[in-house]
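Structural description and commentary
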Amino acid sequence: MSEDRRPRLLVVDDEPGILALVQRFAAAEDFEVVTRTGGHALLTELPALKPDVALVDRNMPEVAGLDVLRMIREVDPDCSVILMTAYATVDSAIEAVKLGALDYLSKPLDFDRLRELLNTVRHGIERRRRLLAVDSDLASRFEFCGMVGRSPVMQDLFDMIRRLAPHARTALISGETGTGKELVARALHRLGPRRDRKFIAFNCSAVVETLFESELFGHTRGAFTGAMEAKAGLFELADGGTLFLDEVGELPQSVQAKLLRVIEYGEVQRVGAAEGRRVDVRIIAATNRQLFDEVVAGRFRQDLYYRLNVIEIGLPSLRERPEDIPYLTAAFIKEFAARFGKALVGVSPGAERLLHNAPWPGNVRELRNVIERACMLSDGRILSERDVLSVLGAVAPCPAPAPRPAAPASTDKAREVEAALDRRLVEQVLQQVGGNRSAAARLLGISRRALYRRLDSFGLR
Ligand SMILES: Nc1ncnc2c1ncn2[C@@H]1O[C@H](COP(=O)(O)OP(=O)(O)OP(=O)(O)O)[C@@H](O)[C@H]1O
Ligand SMILES: [Mg+2]
């Protein structure tokens, strides 16, 4: 519910008399009331209606009340549902509550009871709103150099960075993909004595093997075919500053030897040059593999490993610090709400649960992508469970993480939910774009071929 409107009550009953009665009553209780005489159009209407609470008659000619209840639970799980019936039995009440109804009222309606229930809903909304306000205040307190983290491991890590940054000449940052290795490297630079000098990032996995040396160390004119001009390498460009070697495990052996020389003697030699030049560069390396395993396997020089590893900063996966998720979420919502000009201030409890339970193989990057996508699609003030569900399975998969321990049971559950959602999401998106598959693939953030594969697997082609 948004802050600038009254809570909204949806009443569904085939008897116009009841609709009028409830409307008058609830309006006096300061609810905005929307009435419908049946549930047939609700499936498409619900996302726009966004009721906070629904009062639904159980026995209606077209769509049964229990089906309306199911529909609301599915489409808008944050909406509370109250069923009413002229023929209340204990069994039917239990069934309704099992399906997620807030309560079950018999007709003629007990308006005092209805008032109590509406107040419960209203208080729930207000409490959530207060919590959200507190949350976003807290979020800023747990920020450090662009990193958010309130878990003890992250707080310790921030502390360590604060202490090391003024001194460290080399550092090795390890952690799964998307855990924030580059942010740590930038923090080390920003808090160190070289903060006013350059920070250059070089991704060792994005370079063709033959170009490594000239990229890093530069080359003389005519050093090799195509070397028309002499060129300075990144070490020279970063002189006085920091060079960030991302995915350092990908460095070819020949380059590893040269890198060791730079670290040991502070000297680089351009390809084709007879003499070396002095450089003063702080080297921060990052790896998402177990670099020591690479040493054991003979692919990474042991001496270089020990040189880089003087200080090792290990980033925990997001699974190991779920208590950070609400704070990261709050920070990302703030960022994207501002970027997209949306009024979003937080997430519903259901959405928070989903985010907490998701497996996050792509760690913080994946969480950030999910929130970005959800913010883009949402037009309320609170990201609902539905907003989050619709993007959880759809965000482009991140590269496979380094080997990790077997997933806990709750993770399997989350995957199951994701799979079921996937189909619904694909259907919804296709409907939204009038069946245009290219447009649907774009919206889903997947290739057309990937979309066709999914359609095939759902038997929807
Ligand atoms: N603690 C954090 N707080 C806020 N944002 C974070 C945090 N950690 C990571 N991010 C964000 O997640 C994304 C990925 O972070 P980063 O690029 O530092 O990860 P990485 O470990 O270098 O990943 P890769 O191994 O895939 O290169 C970035 O958008 C970054 O801003
Ligand atoms: Mg990175």
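To be clear, the structure that these remarks concern was listed above.
The following refers to the structure shown. Just so it is clear, the model here is predicted, and its values are computed rather than measured. (Residues numbered from 1 in each chain as written. Chains lettered and ligands numbered in written order. Predicted model: local features only at pLDDT ≥ 70, side-chain atom pairs only at ≥ 80, totals over all residues. Heavy atoms only, no water.)

1. With respect to the packing of helix α13 (residues 325-340) against helix α15 (residues 363-377)
What describes two packed helices is the angle between their axes and the distance between those same axes. One way to put it is that α13 packs onto α15 with a least axis distance of 9 Å and a crossing angle of 45 degrees. In this view, α13 runs oblique relative to α15, as classed from their interaxial angle. For the pair α13 and α15, the crossing hand works out as right-handed. Counted together, Ile325, Leu328, Thr329, Phe332, Ile333, Glu335, Phe336, Arg339 and Phe340 of α13 and Val364, Leu367, Arg368, Ile371, Glu372, Cys375 and Met376 of α15 form the full contact between these two elements. In terms of residue class, the contact of α13 with α15 is built from eleven nonpolar, one polar and four charged. (Axes fitted to C-alpha atoms, helices over the stretch in contact; angles between N-to-C directions. Helix = DSSP H or I, 4+ residues; strand = E, 2+ residues; numbered from the N terminus. Parallel < 35°, antiparallel > 145°, perpendicular 65-115°, else oblique. Left-handed = near helix turned anticlockwise from the far one by under 90°. Contact = heavy atoms within 4.5 Å. Nonpolar A, V, L, I, M, F, W, Y, C, P; charged D, E, K, R; others polar.)

2. Quick look at the site of ligand 1
Around ligand 1 lies a shell of 18 residues, among which Val148, Thr177, Gly178, Lys181 and Arg365 are the nearest. Between ligand 1 and the protein, one listed contact pairs an oxygen atom with a backbone N or O atom of Thr179 at 3.3 Å. Summarising the interface, the protein chains cover 86% of the accessible area of ligand 1, which totals 630 Å² for the free molecule. Tallied by class, residues from the shell around ligand 1 come to six nonpolar, six polar and six charged. Each of domain 2 (145-314) and domain 3 (321-457) contributes no fewer than three residues to the shell around ligand 1. (Near = heavy atom within 4 Å. Polar contact = N/O pair within 3.5 Å; in protein donor to acceptor, adjacent residues only side chain to side chain. Areas by Shrake-Rupley, 256 points an atom, 1.4 Å probe, with all protein chains shown as cover. Domains from an automatic or database assignment.)

3. Description of the sheet that holds strand β4 (residues 80-85)
Taken in spatial order, the five strands line up as β2-β1-β3-β4-β5 in an open sheet, and their pairing is parallel. Each of the sheet's edge strands pairs with one partner strand only, and the pair in question is β2 (32-36) and β5 (103-106). Across the sheet, the mean angle from the axis of one strand to that of its neighbour is 20 degrees, orientation sign disregarded. In terms of strand pairing, β4 meets β5 through four bridges, oriented parallel. Paired with Leu83 across the bridge in β5 is Tyr104. Against the sheet, helix α1 (residues 16-28) contacts β1 (8-12), β2, β3 (53-57) and β4, and its axis sits at roughly 170 degrees relative to β2. (Pairing = 2+ DSSP bridges.)

4. What to know about helix α10 (residues 253-265)
Within an α-helix, residues lying three or four positions from one another point in the same direction, as the helix has 3.6 residues per turn. Spanning 13 residues, α10 covers 19 Å between terminal C-alpha atoms, matching the ideal 18 Å at 1.5 Å per step. Within α10, the full set of buried residues consists of Val255, Gln256, Leu259, Leu260, Val262 and Ile263. Along the axis of α10, the buried positions cluster into a sector of 160 degrees, meaning they face one direction only. In the stretch just after α10, Gly266 is the one whose phi turns positive, near 60 degrees. (Expected span 1.5 Å × (residues − 1). Buried < 20%, exposed > 50% of the residue type's maximum accessible area, 1.4 Å probe, protein only. Arc of directions from axis to C-beta.)

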